[in-house]
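The lines below spell out each chain.
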Amino acid sequence: MSVEPANRKPAPAGNEPDGPPSFSPYDRPAAGWGAGLSVGKFLAKQGALVDGPRAIMKMNHEDGGFDCPGCAWPDDLKGLHLDICENGIKHVTWEMTHKRVGAEFFAAHTVTELSGWSDHALEEQGRLTAPMRYDAAADRYVPISWADAFELVGRTLRELDDPNRAAFYTSGRLGNEATFLYQLMARELGTNNLPDCSNMCHEASGRAMTASLGTGKGTVDLKDWETTDALFVMGVNAASNAPRMLTALVEAYKRGAQIVHVNPLVEAASRKAIIPHEFAAMATFHATPTGTMNLQPRIGGDMALIRGIAKAVFDSPDPKALDIEFIERHTHGFDDYRALCEATPWDEIEHQSGVTRGDIRRAADVYRRADRSIISWCLGVTQHDHGVDTIREIVNLLLLRGNLGREGAGPCPIRGHSNVQGNRTCGIDHRPSDAFLDRLADACGIDPPREQGLDTVRAIEAMHRGDVTVFVAMGGNFALAAPDTPYTFEALRNCALTVQVSTKLNRSHLVHGRDALILPCLGRTEKDEQRRGLQSTSVEDSMSMVHLSVGMKRPASPHLLSEPAIVAGMARAALPDSVTPWEDYVADYDRIRDTMARALDGFEDFNRRVRLPLGFRIKQPARELIFDTPTGRAEFSSAPLPDVVPTGGILTLGTMRSHDQWNTTIYSDNDRYRGVKNLRTLIFMNADDMRERGIGTFDLVDITSHARDGSTRTLRGYTAIAYDVPRGSSAGYMPEMNVLCAIGDYSVQSDQPLMKNIKVTVERAG
Ligand SMILES: Nc1nc2c(c(=O)[nH]1)N[C@H]1C(S)=C(S)[C@@H](COP(=O)(O)OP(=O)(O)OC[C@H]3O[C@@H](n4cnc5c(=O)[nH]c(N)nc54)[C@H](O)[C@@H]3O)O[C@H]1N2
Ligand SMILES: Nc1nc2c(c(=O)[nH]1)N[C@H]1C(S)=C(S)[C@@H](COP(=O)(O)OP(=O)(O)OC[C@H]3O[C@@H](n4cnc5c(=O)[nH]c(N)nc54)[C@H](O)[C@@H]3O)O[C@H]1N2
Ligand SMILES: [Mo]
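Residues numbered from 1 in each chain as written. Chains lettered and ligands numbered in written order. Predicted model: local features only at pLDDT ≥ 70, side-chain atom pairs only at ≥ 80, totals over all residues. Heavy atoms only, no water.

## Some thoughts on the confidence of the model for the protein chain
- Per-residue confidence for the protein chain gives a mean pLDDT of 92, with 91% of residues at or over 70.
- Counting interchain partners and residues more than four positions distant, the pLDDT-below-50 stretch residues 79–83 has twelve contacts. (pLDDT = per-residue confidence, 0-100. Contact = heavy atoms within 4.5 Å.)

Right, dumping it as structure tokens:
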């Protein structure tokens, strides 16, 4: 099958590109004035010049204020009130726009017409204001009351012959209290079908760390970042996707720490930055380096690279290279791992990683000389077939020098959505443990199902087959975020009912089941008034800190409901004999938290602790060197290196975000730190790979992916750009390129779609 570039589709006025496409490498510092300018333009365009800055002053405060709905990077523990970033500001303002999508909007546009609009144009219409139901005869969304909407969901769910015919998706924005109610509803109904965005994101991190350390989470916090001697930053575009990390990198550099970036692309965060709250630096344009070494592995080459670093540590004559005492007291499987490293030839390590042994040895010296090391990673490491093995290899390397359970050291996955980690903690898990279910059953008086549920890929396949007929999404933009866009579209259209709980109009509202609801909810910036007063919700950041978030804005419309109220409304209608006090819970979220305190590990005394000025940190047994593994020790893994070198004209394609987007939300067609303007339908390629194919920069190309089952998918008319990437590696943007991810191409280790590892051929457009 083949697809034309998505952003060439006709769009209503207001979405014309600002000029012709252009590319010139970016060499200025990250953040700094470039970010300031971009924020200014953005605020002006959103018509939010008054509210934007005022809201930002309220964001991420230690008392009151709402949690930034952007990324999951933790708040500054010193209570620094200006630790804000360009993309957080864009994100908040995007939610606070003055534009509205009400009943008149839907009356004026058929779904067929809206389907021709660009994704940018859809979201740009503003905030959704009232519940709507799809009317097939008119091909329009028409108003429906909340009571009727809940009854429609309830009736459809009640009539299912098996609760496993429903699936309940979560995008990582959902607060902890709504999350807890949502999974409770699904389990009281009788299903563990809880696919979530984590299935496409950090599933591999959770599985790897659980196997190695008995915990699904990282063990470090910001204080560790402030004290470490060596930071390894792998597979993350921090300047765009976790911009507040730049502050930590600048501080680390000034302290004399070593910072090693591992990325096939030399991203902006590996060079230099000006931190916006450092006013003197801003005024004098004084940039601080944010990296001391760059390693450019081929896509998928990280495991071989880490193996090489470990091998070099073993090779070292330094008697203190290994922490033998730690290894003997706390680990299992060391001898096998040592033998495996010794048996892996350097030639293979160089070939598979794409990095020379000289460079690997230099990185190993950094690691060996540091008393305390942190290894952090994001999607560049997880979205691969062997993501779990690679992360276990990272943990192996940390264990060699006892980089665990002490200040300044440990593994640190960089999470994505602001509460994606909290979603898991609070029960969004299609593979819940018996211990979790036992406690939930006790605390809530329900009899939860025990069989495993469906994850994202499995849910799509089940909808496609017709086995799942009701799809409910708490946030997100499933239609575009998921792999294999046309297949996912067919799956959603195959449903009897799709329900989208959303703040803004997006593609998932237009690709719907026979019956469809749009249920608009409050955003995190807005006041949540319930029967017993103003409510707050809690979230958990990337480093396990749980704290309260309180909205401060008047809701975008009086008809919006909070996410807990929407879940409770659906649950009451679906479960007439429910034992859960849904209404009491919604009246006062403290009551939800009281139940969570009984049901969830680490949430004892939840209501009191969450009101401490900085919230509380969920206890991390692995940090205390307590390992919930079969041996009670940290487990070395000894997995073979995968073959990741593409051959026979194939390139490995990694899909990623531009600087100006939030997952499926595209703010503009620019990617400032990579030097791109007005272009998203591009593919970055190595210049030699282009030459070999007779492709010049700015030539139009067709990209064909080759799935494991032999099927192919083609994107036509993309623009090739010569970029500093290793030979055989290429990159372009999600979600447009999700068309190329075959539904069946997911990792056997994590079930994650291979979004950073698509096998493609590229040729000049025919
Ligand atoms: N502004 C903004 N912030 C965001 C998001 C957003 O869309 N916009 N999304 C949020 C979410 S949900 C998430 S999960 C995170 C995602 O944050 P990132 O993980 O930074 O997301 P990507 O843009 O997919 O970029 C992945 C990086 O991995 C690199 N890479 C690709 N393949 C490989 C490889 O094989 N090895 C290595 N070492 N690197 C590789 C790419 O060059 C790129 O720098 O960000 C969160 N924060
Ligand atoms: N090819 C490829 N595909 C990918 C990835 C990749 O790297 N490559 N990354 C994957 C990853 S890491 C992730 S996390 C997923 C992201 O997948 P999703 O989380 O499903 O997608 P988002 O684009 O973040 O969702 C945006 C929508 O969320 C809604 N929204 C915003 N705020 C709120 C709120 O407060 N409440 C509610 N209810 N709704 C809200 C708005 O309607 C908005 O349109 O995409 C995945 N897809
Ligand atoms: Mo994510």
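## Describing the layout of surface pockets
- By volume, the largest pocket amounts to about 1,200 Å³.
- In this structure, the largest pocket is lined by 33 residues; those nearest its centre are Thr 210, Thr 215, Gly 216, Lys 217 and Arg 424.
- Mapped by element, the contributors of at least two residues to the lining of the largest pocket are α9 (203–213), α21 (420–425) and α22 (434–444).
- With four residues, the top contributor of residues to the lining of the largest pocket is α9.
- Residues from two domains meet in the lining of the largest pocket; each of domain 2 (100–200 + 419–621) and domain 3 (203–413) gives at least three. (1 Å grid on protein atoms, 1.4 Å probe; cavity = no way out; pocket = protein on both sides within 12 Å on 5 of 7 lines; lining within 4 Å. Points joined across faces, edges and corners; volume = space filled by probe spheres on them. Helix = DSSP H or I, 4+ residues; strand = E, 2+ residues; numbered from the N terminus. Domains from an automatic or database assignment.)

## Re the pairing of strand β9 (residues 230–234)
- Judged by how many residues are buried, β9 sits mostly within the fold: five of five residues are covered.
- Covered by surrounding structure in β9 are Ala 230, Phe 232 and Met 234 together with Leu 231 and Val 233, the residues of both alternating faces.
- Sheet analysis places β9 next to strand β10 (residues 258–262), joined by five bridges and oriented parallel. Opposite Phe 232, over in β10, you have Val 260 as the bridge partner.
- Sheet topology places β9 next to strand β15 (residues 373–377); five bridges connect them, and they run parallel. Within β15, the residue paired with Phe 232 across the bridge is Ile 375. (Buried < 20%, exposed > 50% of the residue type's maximum accessible area, 1.4 Å probe, protein only. Pairing = 2+ DSSP bridges.)

## Things to note about the environment of Ser 376
- In this structure, Ser 376 sits in strand β15.
- By relative accessible area, which is 0% here, Ser 376 ends up buried.
- In this structure, the C-alpha to C-alpha distance between Ser 376 and Val 468, residues 92 residues apart in sequence, is 37 Å.
- Setting aside its immediate chain neighbours within four residues, Ser 376 contacts Trp 225, Phe 232, Val 233, Met 234, Cys 412 and Ile 414.

## Quick word on the site of ligand 1
- The immediate surroundings of ligand 1 are formed by 29 residues, with Glu 267, Gly 300, Asp 302, Gln 661 and Asn 663 found nearest.
- Within the contact set of ligand 1, an oxygen atom lies 2.7 Å away from a side-chain nitrogen or oxygen of Asn 263.
- Between Gly 300 and ligand 1, the recorded distance is 2.7 Å, taken from a backbone N or O atom to an oxygen atom.
- Taking 920 Å² as the accessible area of ligand 1 by itself, protein coverage stands at 98%.
- Classifying every residue of the shell around ligand 1 gives eleven nonpolar, 14 polar and four charged.
- Both domain 1 (2–12 + 646–764) and domain 3 (203–413) contribute no fewer than three residues apiece to the shell around ligand 1. (Near = heavy atom within 4 Å. Polar contact = N/O pair within 3.5 Å; in protein donor to acceptor, adjacent residues only side chain to side chain. Areas by Shrake-Rupley, 256 points an atom, 1.4 Å probe, with all protein chains shown as cover. Nonpolar A, V, L, I, M, F, W, Y, C, P; charged D, E, K, R; others polar.)

## Digging into the site of ligand 2
- Near ligand 2 you find 30 residues, and of these Tyr 169, Arg 173, Glu 563, Thr 664 and Asn 738 are the closest.
- Between ligand 2 and His 417 there is a distance of 2.8 Å, counted from an oxygen atom to a side-chain nitrogen or oxygen.
- For ligand 2, the accessible surface in isolation is 930 Å², of which the surrounding protein chains cover 97%.
- When residues are assigned to domains, the shell around ligand 2 turns out to be shared by domain 1 (2–12 + 646–764) and domain 2 (100–200 + 419–621), each giving three or more.

## Description of the side chain of Thr 344
- Relative to the helices and strands, Thr 344 is located in the loop between α16 (334–343) and α17 (346–353).
- For Thr 344, a relative accessible area of 5% puts it in the buried group.
- Setting aside anything within four residues of it in sequence, one finds Thr 344 in contact with Arg 307, Lys 311, Ile 349 and Leu 641.

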